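# Summary of structural features
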Amino acid sequence: MQMAKVRGTVVGTQKLPSMSGVKLLLLQLIDENGELLPKYEVAADPVGAGFGEWVLVNRGSAARQEENHQNRPLDAMVVAIIDTVTVDNRRLYGNE
Amino acid sequence: MQMAKVRGTVVGTQKLPSMSGVKLLLLQLIDENGELLPKYEVAADPVGAGFGEWVLVNRGSAARQEENHQNRPLDAMVVAIIDTVTVDNRRLYGNE
Amino acid sequence: MQMAKVRGTVVGTQKLPSMSGVKLLLLQLIDENGELLPKYEVAADPVGAGFGEWVLVNRGSAARQEENHQNRPLDAMVVAIIDTVTVDNRRLYGNE
Amino acid sequence: MQMAKVRGTVVGTQKLPSMSGVKLLLLQLIDENGELLPKYEVAADPVGAGFGEWVLVNRGSAARQEENHQNRPLDAMVVAIIDTVTVDNRRLYGNE
Amino acid sequence: MQMAKVRGTVVGTQKLPSMSGVKLLLLQLIDENGELLPKYEVAADPVGAGFGEWVLVNRGSAARQEENHQNRPLDAMVVAIIDTVTVDNRRLYGNE
């Protein structure tokens, strides 16, 4: 998984029926030093993350390993809202 | 998923039988600031996107998560036409 | 899928039994302007492409979505020989 | 698989139920000369690696090829703690 | 698949039981001109390649398309030892 920050939302009304009811977040990826990378994912969010929060995002077939996603054409999903990231015994990020 | 702009079409008549009847679009990827990237995907489009529109494209096995695609050798598919992209409470894109 | 030009062949006699009878082409990837990229794939070719032709190549599990490939350890396959590529209503490539 | 060094941990309490009980390590990838790369993975660790150790990490659906991971939305997993890496008959790394 | 040169081995004793008996090679990837790239894969080798040889390596779920690999957490596998690579009717590599 990669770490990412919730930056925004993507909305589309003309879509595959299997995309109905899926909330899509625009996530900007974060590097191992906590800096924003020039990379993003538009991911389904079944967890309920808020703007500015750090999340863990998976990619590939893992995005369909969720009861409600089995037959949806998803390739990225938020799996958790990050509370803390610790690197070399130093707190890199804390969601307080 | 990634955001992409419909730039063109790719046509081939000598192909696997399982590729018959699949409309293939040439999509140029878009970054999180709305700029075109030097990357593209040739993707199946079951949604019916038009030239110049922004779409969401998936990749990998997700491209076969569509009734009509189950046994086709696809690795990229348009899943939605984008109406709006909002980043940091600012409208990045609107299809009006 | 990506666009690629047939550059050559790769031959190996010591291989997994499941690789027997698979013709492997060396494909150089092409960008959205029709230029060769410094990237390649060695892909199975069940279509019968010739040297110098442009093809569409898939990657990942899509390479096994072909009756004769089901249990072969392939991760890239030619799915079509490209006839035409049209970008912004301009002919980028024509196989005539 | 890629080689990686255990740098830290990622903790989240708001997550998918299927992520419960999964220990997540922040792994920094290592190149073929043993140098740290500016790339990382947040991976499940069913092996029990310690800080500073070198591990092998897989990615994609391989991360669910473990009895306890079958239905978890994981796309990266530690599969082994590395004892030795030998390159060109030279010891690149030894965990002694 | 990608072309790669066998550079070394990776050994680990603390690992998932499903990794037992898998020989892991460190492969350095080769570009379409035959030059070594600053990229590698640690891959299972059921073919028996020797140091310095060129091999074809697959990635992703294709690495488990081998009878003995079905339930192993592998994402890269040697599928053949390369005998010859021909590019533009010129011999790029020959294993003689």
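Note that the structure is predicted; figures quoted are calculated from it, not measured.

What counts as what
- Residues numbered from 1 in each chain as written.
- Chains lettered and ligands numbered in written order.
- Predicted model: local features only at pLDDT ≥ 70, side-chain atom pairs only at ≥ 80, totals over all residues.
- Heavy atoms only, no water.
- Helix = DSSP H or I, 4+ residues; strand = E, 2+ residues; numbered from the N terminus.
- Rg over C-alpha atoms; globule rule 2.2 N^0.38 Å.
- Buried < 20%, exposed > 50% of the residue type's maximum accessible area, 1.4 Å probe, protein only.
- Contact = heavy atoms within 4.5 Å.
- Areas by Shrake-Rupley, 256 points an atom, 1.4 Å probe, with all protein chains shown as cover.
- Lys, Arg positive; Asp, Glu negative; His and termini not counted.
- Charge placed at Lys NZ, Arg CZ, Asp CG, Glu CD.
- Buried area = accessible area lost by both parts, 1.4 Å probe.
- Salt bridge = Lys/Arg side-chain N within 4 Å of Asp/Glu carboxyl O.
- Polar contact = N/O pair within 3.5 Å; in protein donor to acceptor, adjacent residues only side chain to side chain.
- Nonpolar A, V, L, I, M, F, W, Y, C, P; charged D, E, K, R; others polar.
- Least-squares fit on C-alpha atoms with pLDDT ≥ 70 in both.
- Phe/Tyr/Trp six-rings, centres within 6.5 Å; stacked < 30°, edge-to-face > 60°.

For chain A, the helix and strand inventory stands at zero helices and eight strands. Across chain A, helices and strands are ordered from the amino to the carboxyl terminus as β-β-β-β-β-β-β-β. Against the globule reference of 12 Å for 96 residues, chain A gives a C-alpha radius of gyration of 14 Å, in line with a compact fold. Its C-alpha atoms put chain A at 45 × 25 × 25 Å along the principal axes. The buried share of chain A, reckoned over its 96 residues, is 62%. Pairs at least 24 residues apart make up 50% of the contacts formed inside chain A by residues separated by at least 6 positions. Of the roughly 3,800 Å² that chain A leaves accessible, carbon and sulfur atoms contribute 43%. In chain A, the 10 positive side-chain charges and the 12 negative ones have mean positions that sit 6 Å from each other.

The next thing to look at is the interface of chain A and chain D. The interface of chain A with chain D comprises 27 residues on the first partner and 30 residues on the second. Per-residue buried area on chain A facing chain D is highest for Met1, Glu32 and Gln65 of chain A; these three make up 31% of the total on that side. Inspection of the region where chain A meets chain D yields one salt bridge. A salt bridge links Arg7 of chain D to Asp88 of chain A; the shortest N-O distance between them is 2.6 Å. Joining chain A to chain D, the criterion identifies 17 residue pairs in polar contact (both at pLDDT 80 or more). Broken down by secondary-structure element, the contributors of at least two residues to the side of chain A that touches chain D are β1 (2-11), β5 (54-59), β6 (76-81) and β7 (84-87) of chain A. Across the side of chain A that touches chain D, the residue classes break down as 15 nonpolar, six polar and six charged.

Expressed as a screw transformation, the operator carrying chain B onto chain C has a rotation angle of 72° and an axial translation of 0.0 Å, and the superposed copies differ by an RMSD of 0.0 Å. Expressed as an axis order, the relation between the two copies is that of a five-fold axis.

Attention now goes to the interface of chain B and chain C. Between chain B and chain C, the contact holds 30 residues from the first and 27 residues from the second. Both faces considered, chain B and chain C share a buried interface measuring about 2,300 Å² in area, 50% of it formed by carbon and sulfur atoms. Among the residues chain B hides against chain C, the three largest losses belong to Arg7, Leu16 and Tyr40 of chain B. Together they make up 28% of the total. Summed over the shared surface of chain B and chain C, the result is one salt bridge. Applying the counting criterion to the chain B and chain C interface returns 17 residue pairs in polar contact (both at pLDDT 80 or more). Going through the elements one at a time, β1 (2-11), β2 (14-15), β3 (24-30) and β4 (36-44) of chain B are the ones with two or more residues in the side of chain B that touches chain C.

A word on the environment of Asp75 of chain D. For Asp75 of chain D, the location among the structural elements is in the loop between β5 (54-59) and β6 (76-81). One polar contact links the side chain of Asp75 of chain D to the main-chain amide nitrogen of Arg59 of chain A, over a distance of 2.8 Å.

Residue and element names in this part refer to chain A. All chains considered together, the criterion is met by five aromatic pairs over all chains. An angle of 0° between the planes, with centres 3.9 Å apart, marks the rings of Trp54 and Tyr93 as stacked. Pair noted here: Trp54 is in strand β5 and Tyr93 is in strand β8 (residues 90-94), with a separation of 39 residues, a long-range link. Each member of the pair, Trp54 together with Tyr93, is buried.

The next thing to look at is the environment of Leu92 of chain A. Residue and element names in this part refer to chain A. Tracing the backbone shows Leu92 in strand β8. A sequence separation of 59 residues divides Leu92 from Asn33, and the C-alpha atoms of the two residues are 7.3 Å apart. Contacts of Leu92, omitting those with residues within four sequence positions, involve Glu32, Asn33, Gly34, Val85, Thr86 and Val87.

There is a gap between chain C and chain D: no contact, and a shortest C-alpha distance of 11 Å. Separated throughout, chain B and chain E approach each other most closely at a C-alpha pair spaced 11 Å apart.

At Asp88 of chain B, a residue that is not glycine, the phi angle is positive and equals roughly 50°. Relative to the assigned elements, Asp88 of chain B resides in the loop between β7 (84-87) and β8 (90-94).

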